[in-house]
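Each chain, written out:
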Amino acid sequence: NRGRFIVEACKGNENLLALTIPSCIVLKCTLSAFITSQAKWEAIPRGAVLHYFEAPGQVSQSLSKISSEEPRKLRVVIQLLLPFSGHFELRFQWGYVFNNLQMCRSIRSEPTMME
């Protein structure tokens with residue numbers, strides 16, 4: 001089952017999962033819970049939150065110009081907010097980032113408070 005992870009929560013309500021991906025890839029996650037009374041998987045809105053960071057060592061290497069052979073890497077930390085104990089499923093969808101961002105009219109970028 002590619003692109004799918006099963007998470008079992010016995011105790012606690014937050015799990016973290018870290019991945020390293022090329023910077024040309026964008027991820028989307030969907031968290032679902034198995035509802036035994038309905039015998040089906042139900043999506044949990046805002047159950048998976050993605051945080052993108054530069055991979056360790058990439059900041060110092062970006063100053064010395066990384067060769068074109070090695071793609072820039074990003075670290076993605078996925079924060080799973082689990083509402084109850086039980087079985088959960090995390091599904092991944094991925095795609096390539098557009099080279100020309102003018103094709104993406106709905107993408108907005110705003111600086112954070114720390115910038």
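Residue numbering note: each chain is counted from 1, following its sequence as written. The predicted nature of this model means local features are confined to residues of pLDDT at least 70 and side-chain atom pairs, given and counted, to a pLDDT of 80 or more, with totals for whole chains, interfaces and linings taken over all residues. Water and hydrogen atoms play no part in the side-chain values, which are based on all heavy atoms of the structure.

K.L.:
Looking at this structure, how should I read the overall build of the protein chain?
P.N.:
Numbering of helices and strands runs from the N terminus; a helix is a DSSP stretch of H or I covering at least four residues, while a strand is a stretch of E covering at least two. What the protein chain contains, in helices and strands, is 1 helix and 7 strands. Taken from the N to the C terminus, the helices and strands of the protein chain come in the order β-β-β-β-β-α-β-β. Relative to its full complement of 115 residues, the protein chain shows a buried share of 23%. Residue contacts are counted whenever heavy atoms from the two residues lie within 4.5 Å of one another. Of the contacts formed within the protein chain by residues at least 6 apart in sequence, a portion of 75% connects residues at least 24 apart. When a residue's accessible area, from a 1.4 Å probe over protein chains only, is under 20% of the maximum for its type it is buried; when over 50% it is exposed; and in between it is partly exposed.

K.L.:
I'm lost on the nonpolar core in this one. Help?
P.N.:
Think of a nonpolar core as a cluster: buried Ala, Val, Leu, Ile, Met, Phe, Trp, Tyr and Cys residues, connected wherever their side-chain atoms sit within 4.5 Å. Core analysis: the biggest nonpolar cluster contains 18 residues, and Leu31, Ala48, Ile78, Leu80, Phe88 and Leu90 have the highest contact counts within it. Contributions of two or more residues to this core are made by β1 (4–9), β3 (25–35), β6 (73–81) and β7 (86–96). With 5 residues, β3 is the largest single contributor of residues to this core.

K.L.:
Can you help me understand the environment of Leu90 in this one?
P.N.:
Examined against the element boundaries, Leu90 turns out to sit in strand β7. Owing to a relative accessible area of 1%, Leu90 belongs among the buried residues under this scheme. In this structure the C-alpha to C-alpha distance between Leu90 and Ala33, which are 57 residues apart in sequence, comes to 9.0 Å.

K.L.:
How do you make sense of the sheet that holds strand β4 (residues 40–43) when you look at a structure like this?
P.N.:
Within a sheet, neighbouring strands are paired by backbone hydrogen bonds and run either parallel or antiparallel to one another. Should DSSP find at least two bridges between two strands, the strands are taken to pair. With respect to topology, 4 strands assemble into an open sheet ordered β1-β7-β3-β4, the strand pairing being antiparallel. Each having just a single partner strand, β1 and β4 make up the two edges of the open sheet. Taken pair by pair, the neighbouring strands of this sheet meet at an average axis angle of 35°, ignoring direction. Bridge analysis of β3 against β4 gives 4 bridges, and the strand direction is antiparallel. Opposite Phe34, over in β4, you have Trp41 as the bridge partner. In this analysis an axis means a line fitted to C-alpha atoms, helices contributing only their contacting stretch, and an angle means the value between N-to-C directions, from 0 to 180 degrees.

K.L.:
Sorry if this is basic, but what is going on with the side chain of Glu89 here?
P.N.:
Structurally, Glu89 can be placed in strand β7. Residue classification places Glu89 among the buried positions, given a relative accessible area of 2%. A polar contact of 2.8 Å, which involves the side chain of Glu89, links it to the side chain of Arg91. Setting aside residues up to four positions removed in sequence, Glu89 forms contacts with Arg4, Phe5, Ile6, Thr30, Leu31, Ser32 and Trp41. For this analysis, a polar contact is any N or O atom pair within 3.5 Å, provided that within protein one partner can donate a hydrogen and the other can accept it, and provided that sequence-adjacent residues contribute only side-chain to side-chain pairs.

K.L.:
Help me understand the confidence of the model for the protein chain, please; the structure alone is not making it clear to me.
P.N.:
As a general rule, the predicted coordinates of low-pLDDT regions are not to be interpreted in detail. Values of pLDDT, ranging from 0 to 100, describe the predictor's confidence in every residue of the model. In the predicted model, the protein chain carries a mean pLDDT of 76, and the fraction of residues at 70 or more is 69%. Put simply, helix α1 (residues 58–63) is where the protein chain has its lowest mean pLDDT, 53, and β4 is where it has its highest, 91.

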